[in-house]
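The primary structure of each chain is shown beneath.
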Amino acid sequence: MKVTNSYPIIITEKFTQSRAFYKKLGFTPVFDGEWYCQLVWADFPSVQLGLMKPGHDTQPAIFQSATLGEGSVMCLEVEDASDAADELRAAGFEFAVDLRDEPWGQRHFALLDPNGVRIDVASQNGNVAPEYAQHFLDDAQAILA
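Structure report, in brief. (Residues numbered from 1 in each chain as written. Predicted model: local features only at pLDDT ≥ 70, side-chain atom pairs only at ≥ 80, totals over all residues. Heavy atoms only, no water.)

Overview of the pairing of strand β8 (residues 118-128)
Next, step 1: Pairing between strand β5 (residues 73-77) and β8: five bridges, direction parallel. By the bridge assignment for β8, C75 is matched with D120. (Pairing = 2+ DSSP bridges. Helix = DSSP H or I, 4+ residues; strand = E, 2+ residues; numbered from the N terminus.)

Let's talk about the sheet that holds β5
Sheet strands line up and pair through hydrogen bonds in the backbone, either parallel or antiparallel.
Next, step 1: As summarised here, the arrangement of the four strands in space is β5-β8-β7-β6, forming an open sheet in which the pairing is mixed. Unpaired on one side and paired on the other, β5 and β6 (97-102) mark the two borders of the sheet. On average, adjacent strands in this sheet sit at an angle of 25 degrees to one another, irrespective of strand direction.
Next, step 2: Contacting β6, β7 (104-112) and β8, helix α2 (residues 81-90) runs over the sheet at an angle of about 15 degrees to β7. (Axes fitted to C-alpha atoms, helices over the stretch in contact; angles between N-to-C directions. Contact = heavy atoms within 4.5 Å.)

Notes on the sheet that holds strand β2 (residues 27-32)
Next, step 1: One open sheet accounts for four strands, arranged β1-β4-β3-β2; its pairing is mixed. Only two strands of the sheet have a single partner each, and these edge strands are β1 (9-11) and β2. Across the sheet, the mean angle from the axis of one strand to that of its neighbour is 25 degrees, orientation sign disregarded.
Next, step 2: Inspection of the sheet shows β1 paired to strand β4 (residues 44-52) by three bridges, in the parallel sense. The residue bridging I9 from the neighbouring strand is G50, located in β4.

So, the layout of surface pockets
Next, step 1: Estimated volume of the largest pocket: approximately 590 Å³.
Next, step 2: Lining the largest pocket are 16 residues, with W41, F44, E77, V78 and E79 positioned closest to its centre.
Next, step 3: Broken down by secondary-structure element, the contributors of at least two residues to the lining of the largest pocket are β4, β5 and α2.
Next, step 4: With four residues, the top contributor of residues to the lining of the largest pocket is α2. (1 Å grid on protein atoms, 1.4 Å probe; cavity = no way out; pocket = protein on both sides within 12 Å on 5 of 7 lines; lining within 4 Å. Points joined across faces, edges and corners; volume = space filled by probe spheres on them.)

Remarks on a nonpolar patch on the surface
Next, step 1: Residues W104, V128 and F136 make up a contiguous nonpolar surface patch of roughly 250 Å² in combined accessible area.
Next, step 2: Topologically, F136 is positioned in the loop between α3 (130-133) and α4 (138-144).
Next, step 3: The class of F136 is partly exposed, set by a relative accessible area of 41%. (Patch = residues over 30% accessible without salt bridge, like charges linked within 9 Å, V, L, I, M, F, W, Y side chains within 5 Å. Areas by Shrake-Rupley, 256 points an atom, 1.4 Å probe, with all protein chains shown as cover. Salt bridge = Lys/Arg side-chain N within 4 Å of Asp/Glu carboxyl O. Buried < 20%, exposed > 50% of the residue type's maximum accessible area, 1.4 Å probe, protein only.)

What follows is the structure in structure tokens.
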């Protein structure tokens, strides 16, 4: 199997509110229908997200139920989480988790979308505590480079 892309699809009763939320966050619709919206990040179009209304008659039963936000996390990795926090705070976003540094070398904050999906906005800060440094794999670094 050769994977060419991957993105989440949020099936939501709050379709209109979700579309407005993600557009305000910075996503751009590339398909914007009554029951489905495909959004991309303009600078990196491989960063994508789908929104779909539940119960649509073209969809099989497995795709009919709304997404439950509890337990769902979408991470947006950014160049600088501090700058992103300032930008989103100025745009009126409410934070579910305030900007903070973690011992595994990450600075991040979190938002909640209209469906309760957690959005973790993160950047690497390079300050990895020794107890976490051992878990970073050399092979993974080569793949991600």
